[in-house]
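Observations on the model geometry
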Amino acid sequence: MSDLRDLYQEVILDHNKRPRNFRILPQPTHHADGVNPLCGDRISVYLDIEDGVIKDIAFQGAGCAISSASASLMTEALKGKPVNEIEHLFEAFHNVVTTDCECPKGLGKLSVLAGVRDYPSRVKCATLAWHAVRAALEERKQTVATE
Amino acid sequence: MNDMSTLHHVSPLTHSLSTLGGELGRGGLDLARIRADFPILRQRVHDKPLIYLDNAASVQKPKAVIDAISDCYSHYYANIHRGVHLLSERSTAAYEGAREKVRAFLNAASVQEIIFTRSTTESINLVASSFGGSTVKAGDEIVITGMEHHSNIVPWQLLCERTGATLKVIPFTDAGELILEEYERLLDSGRVKLVALVHLSNALGTINPAKWMIDLAHARGIPVLVDGAQSVPHLAVDVRELDCEFYAFSGHKLYGPSGVGVLYGKQALLEAMPPYQGGGDMIRLVTFEKTEYADLPNKFEAGTPNIAGVIGLGAALDWLNAIGLDAVAAYEHELLDYATAQLQEIPGLAIMGTARDKAALAAFTIQGIHPHDIGTILDREGVAIRAGHHCAQPVMQRYGVPATARASFAVYNTRDEVDALIKALWKVKELFE
Ligand SMILES: Cc1ncc(COP(=O)(O)O)c(C=O)c1O
């Protein structure tokens, strides 16, 4: 079961059980829904952006432990960050969950999701919230899918 | 062509097979022998013996089927229905021989009533397009059940969009049983042109009272299509006894290859229906002014079909008939009872679908643990299940869950495998504690 612990690390189980920033922002400047058609998971992300900085970010929805924890960790990582850093961070995160790369220092706690790289069918769970944020920033109206 | 060595699965009850938990005796199936027919089951995944419990999605193939396909390509493959040469004659005979096997399997009156398609999905689309397109008008209604697979929902929605007809849905209880008073009420509108119902629900395991529902529809002159994708591997089906107008199923859930499906239709209806696709093989005479269509069943089989696949399906039916569907049903029923009793002992586990008449699968959720996570953890224990919405999103919505985990059984599964499933589920609980 040790390899399963690599995926389901304590931090992930904790964020799954007690997701941070798990709420609705009443008047977000940006908002989008993401859906993983594979498992039917749905999440909504809300952002408050002021002067190019993410003042507040929150999410809601039902998902597996990986997608919930990833969304929760993402909100922690993005809060207070300039919007123009998001793409770069997502790219680095995507690399970590899909390739055997070394985890870059700047990723912080997000790197606990590195175990996902051994579970290719779960990559979509880990990236769902990020896709939704990207859609929110592009102000796409349609629900984004991971496929 | 068919390997006769597969014809002795039913053995005397006197054997005993300790490694298989004394499976022999229950229904008299020789499980060791059945399992030996499946090369793919002899492997380890993630360093554990493979325990394949995703049979409702697609079932594994016995050697007899693999060999029949290989035999076709190795020895006598050619295009059918058009060759003057020996190989084409042999291929045609094998292909049409498989049609006769399907006819006998369903107890249809004539081989002209057996159309080969790509899948259940294509069979249903054929009916929606050809029968629906020519008979359904604005203001008409199509009745389906609330527990349909998307493939028995979306073709009707498309038809409704095209024609201005309306889709009506029979609701079901928390246990997963159709509310039959509601069904009768829907039938009484006087506008229903077709009932399309799933025989055995892939999301719940419910076996719907098809015969009874067909009789009710017929009493009002309404034709019925039955989606038999899940039923044919688990219960004996007799289309003349059911008296349904259409019956659809897929080869790949019936121990046959993927890419082959069947549509049974009553001859008079099929004859009256316009073709679904145009092309070669479905014509009698083509001029640029007018085309005469071929007779049944060719009228509905445009183009070169999946020849080896159809022959493989025929081999699958031989294999299954040698065991006997009644024996399969009895054995799987006991396996399901055995699994259900143990699943119910896991705290927080809720089984979705507890109909009195049920078969072959257990769909469930565990409180606080997403089915997708259950599926991943089980996989690492060698246990393959399905986690998701099972292409039945309305069923998930009915219960207010995004997804379920589903263990689905085939005749080759054993009690030991059920025990391994349960053990792995306890590991899931442990990991998430
Ligand atoms: C009840 C039911 N109907 C239809 C289908 C569709 O079968 P296919 O994908 O082979 O067309 C399935 C497959 O999962 C099913 O379970």
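Below is a short write-up of the structure.

Conventions adopted
- Residues numbered from 1 in each chain as written.
- Chains lettered and ligands numbered in written order.
- Predicted model: local features only at pLDDT ≥ 70, side-chain atom pairs only at ≥ 80, totals over all residues.
- Heavy atoms only, no water.
- Helix = DSSP H or I, 4+ residues; strand = E, 2+ residues; numbered from the N terminus.
- Rg over C-alpha atoms; globule rule 2.2 N^0.38 Å.
- Buried < 20%, exposed > 50% of the residue type's maximum accessible area, 1.4 Å probe, protein only.
- Areas by Shrake-Rupley, 256 points an atom, 1.4 Å probe, with all protein chains shown as cover.
- Lys, Arg positive; Asp, Glu negative; His and termini not counted.
- Charge placed at Lys NZ, Arg CZ, Asp CG, Glu CD.
- Near = heavy atom within 4 Å.
- Polar contact = N/O pair within 3.5 Å; in protein donor to acceptor, adjacent residues only side chain to side chain.
- Nonpolar A, V, L, I, M, F, W, Y, C, P; charged D, E, K, R; others polar.
- Contact = heavy atoms within 4.5 Å.

**Description of the overall build of chain A**
The secondary structure content of chain A amounts to 5 helices and 4 strands. Listing every helix and strand of chain A by position from the N terminus yields α-α-β-β-β-α-α-α-β. Since a compact globule built from 147 residues should have a radius of gyration of about 15 Å, the 14 Å found for chain A is in line with a globular shape. With the C-alpha coordinates aligned to their principal axes, the bounding extent of chain A is approximately 45 × 30 × 25 Å. Expressed as a percentage of its 147 residues, the buried residues of chain A come to 49%. Entry remark: accessible area of chain A is about 6900 Å², with carbon and sulfur atoms responsible for 49%. Side chains of chain A give 17 positive and 20 negative charges; the mean places of these two sets differ by 4 Å.

**Brief notes about the site of the ligand**
All names here are of chain B. Around the ligand sit 13 residues in total, of which T121, D227, S250, H252 and K253 are the nearest. Contact distances for the ligand include 3.5 Å between an oxygen atom and a side-chain N or O atom of S119. One of the backbone N or O atoms of T120 is found 3.5 Å from an oxygen atom in the ligand. When the free accessible area of the ligand is taken as 400 Å², the share hidden by the protein chains comes to 88%. Of the residues belonging to the shell around the ligand, the class tally is 2 nonpolar, 9 polar and 2 charged.

**Regarding the environment of A:G115**
Residues and elements named next belong to chain A. By the element assignment, G115 lies in the loop between α4 (86–98) and α5 (123–137). For the pair G115 and R23, spaced 92 residues apart in sequence, the C-alpha to C-alpha distance is 27 Å. Excluding anything up to four places from it in sequence, G115 contacts D6 and L7.

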